[in-house]
Amino acid sequence: MFDFGELQQAIILGKGPLATELTQKAINEECVPKDILNQGLIAGMDVVGVKFKNGEYYLPQVLLAARAMKAAVVLLHPLIVSAGIQPIGTLVLGTVKGDLHDVGKNLVAMLFQGAGFNVIDLGVDVSSEKFVEAVRENKPDILGMSSLLTTSMREMQDVIQALQEAGLRDKVKIMVGGAPITQQFADKIGADAYALEGGTAVEMAKAMVN
Ligand code: B1M
């Protein structure tokens, strides 16, 4: 049976080649991609977060872990994203201004693609102007914003305000997520939905487009 603890360790130690090798092994052993993500990669990254918070890890170690995770996720991508499906909706997605974290945002994008959404990923450090422009141009069903920093999460409110000023707020549903975001915060800024993790985000989005 595949040892998810070993994969977690590869992420925790930032060993990219080992993380990809073990991910491939898990795929070969027919583990469910969602389990590889949740029980291996994300569980490892959670430990990295705790170590960083406790001062046991510094930025270079966190960066190595993030790189290892990204490399491993590449292998899961084709398994999660099914090809040739008619889009069930469009999602414009980005990490808000001032925030460069994209591991979670990329996972969310991948899960939405896998569920049959057309995903327009604006990347990281996305300004409210850019979000507004993307909504105007692409007319998405959902605008998704991700934030990992308490200092950048307030940007979400600015984006909603900018959409209001552009007369676009009622044309799109807004979903927010990321580690510091809560349902209470989402309600406060007037977002339509908050999801703790990618899987829930997809389920909520499907209900929204139906
Ligand atoms: Co940063 N960082 N970091 N970091 N980093 C955190 C977020 C932190 C909590 C670490 C800590 O102190 N424990 C802390 C924030 C504290 C705070 O604001 N309260 C922190 C800090 C302080 C910083 C810097 C300021 C450090 C510094 O420079 N002194 C700096 C900021 C840079 C910037 O953005 N301007 C910084 C930098 C970095 C790296 C570049 C080294 C690297 C990012 C690499 C990258 O993303 N390309 C990094 C990393 C890796 C982390 C931690 C360790 C891991 C984040 C991650 O990838 N998690 C993180 C600690 C932690 O979160 N445990 C930390 C795995 C990922 C799968 O989870 O992103 O939460 P997550 O996404 C989940 C859900 O949140 C949700 O679904 C995803 C999948 O299930 N979700 C959504 C996310 N977006 C969603 C959107 C949705 C719905 C759900 O709808 C649209």
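Everything quoted here is computed from the prediction, not taken from an experiment. (Residues numbered from 1 in each chain as written. Predicted model: local features only at pLDDT ≥ 70, side-chain atom pairs only at ≥ 80, totals over all residues. Heavy atoms only, no water.)

**Q** Can you walk me through the sheet that holds strand 1 (residues 89-95) in this structure?
**A** Picture the strands of a sheet paired through backbone hydrogen bonds; they go either parallel or antiparallel. Across the sheet, five strands lie side by side as 2-1-3-4-5; this open sheet has parallel pairing. The outermost strands of the open sheet, each flanked by one partner alone, are strand 2 (117-121) and strand 5 (193-194). Looking at chain direction, strand 1 and strand 3 (residues 142-146) are connected through five bridges and run parallel. Bridging from a neighbouring strand, Leu-91 pairs with Ile-142 of strand 3. Taken strand by strand, helix 6 (residues 128-138) contacts strand 1, strand 2 and strand 3, and its axis lies near 165° from that of strand 1. Packing against the sheet, helix 7 (residues 155-165) makes contact with strand 3 and strand 4 (173-177), and its axis sits at approximately 155° to strand 3. (Pairing = 2+ DSSP bridges. Helix = DSSP H or I, 4+ residues; strand = E, 2+ residues; numbered from the N terminus. Contact = heavy atoms within 4.5 Å. Axes fitted to C-alpha atoms, helices over the stretch in contact; angles between N-to-C directions.)

**Q** Looking at this model, I keep getting lost on the coordination of the cobalt atom of the ligand. Mind explaining?
**A** Expected angles at a metal are 109.5 degrees for tetrahedral coordination by four donors and either 90 or 180 degrees for octahedral coordination by six donors. Exactly one protein atom donates to the cobalt atom of the ligand; that atom is His-101 (NE2), 2.2 Å from the metal. Inspection of the secondary structure assignment puts His-101 in the loop between strand 1 and helix 5 (103-114). (Donors = N, O, S within 2.8 Å, 3.2 Å for Na, K, Ca; no water.)

**Q** Which parts of the structure should I look at to understand the packing of aromatic side chains?
**A** Note on aromatic pairs: each is described by the distance of the centres and the angle between the planes. Applying the stated criterion across every chain yields a total of two aromatic pairs. Taking 5.2 Å as the distance between ring centres and 80° as the angle between the ring planes, the aromatic pair formed by Phe-2 and Phe-4 counts as edge-to-face. For Phe-2, a relative accessible area of 6% gives the class buried. Centre to centre, the rings of Phe-112 and Phe-117 are 5.0 Å apart; their planes meet at 65°, and the pair counts as edge-to-face. (Phe/Tyr/Trp six-rings, centres within 6.5 Å; stacked < 30°, edge-to-face > 60°. Buried < 20%, exposed > 50% of the residue type's maximum accessible area, 1.4 Å probe, protein only.)

**Q** How do you make sense of the site of the ligand when you look at a structure like this?
**A** With respect to spatial proximity, 35 residues lie near the ligand, and among them Leu-100, His-101, Asp-102, Ser-146 and Thr-150 are the closest. Between the ligand and His-101 there is a distance of 2.8 Å, counted from a nitrogen atom to a side-chain nitrogen or oxygen. Between Gly-198 and the ligand, the recorded distance is 3.2 Å, taken from a backbone N or O atom to an oxygen atom. Counting residues per element, the ones that place at least two in the shell around the ligand are helix 3 (33-53), helix 4 (59-80), helix 5, strand 3, strand 4 and helix 9 (198-209). A per-element tally of the shell around the ligand places helix 4 first, with five residues. (Near = heavy atom within 4 Å. Polar contact = N/O pair within 3.5 Å; in protein donor to acceptor, adjacent residues only side chain to side chain.)

Geometry only, nothing functional implied.
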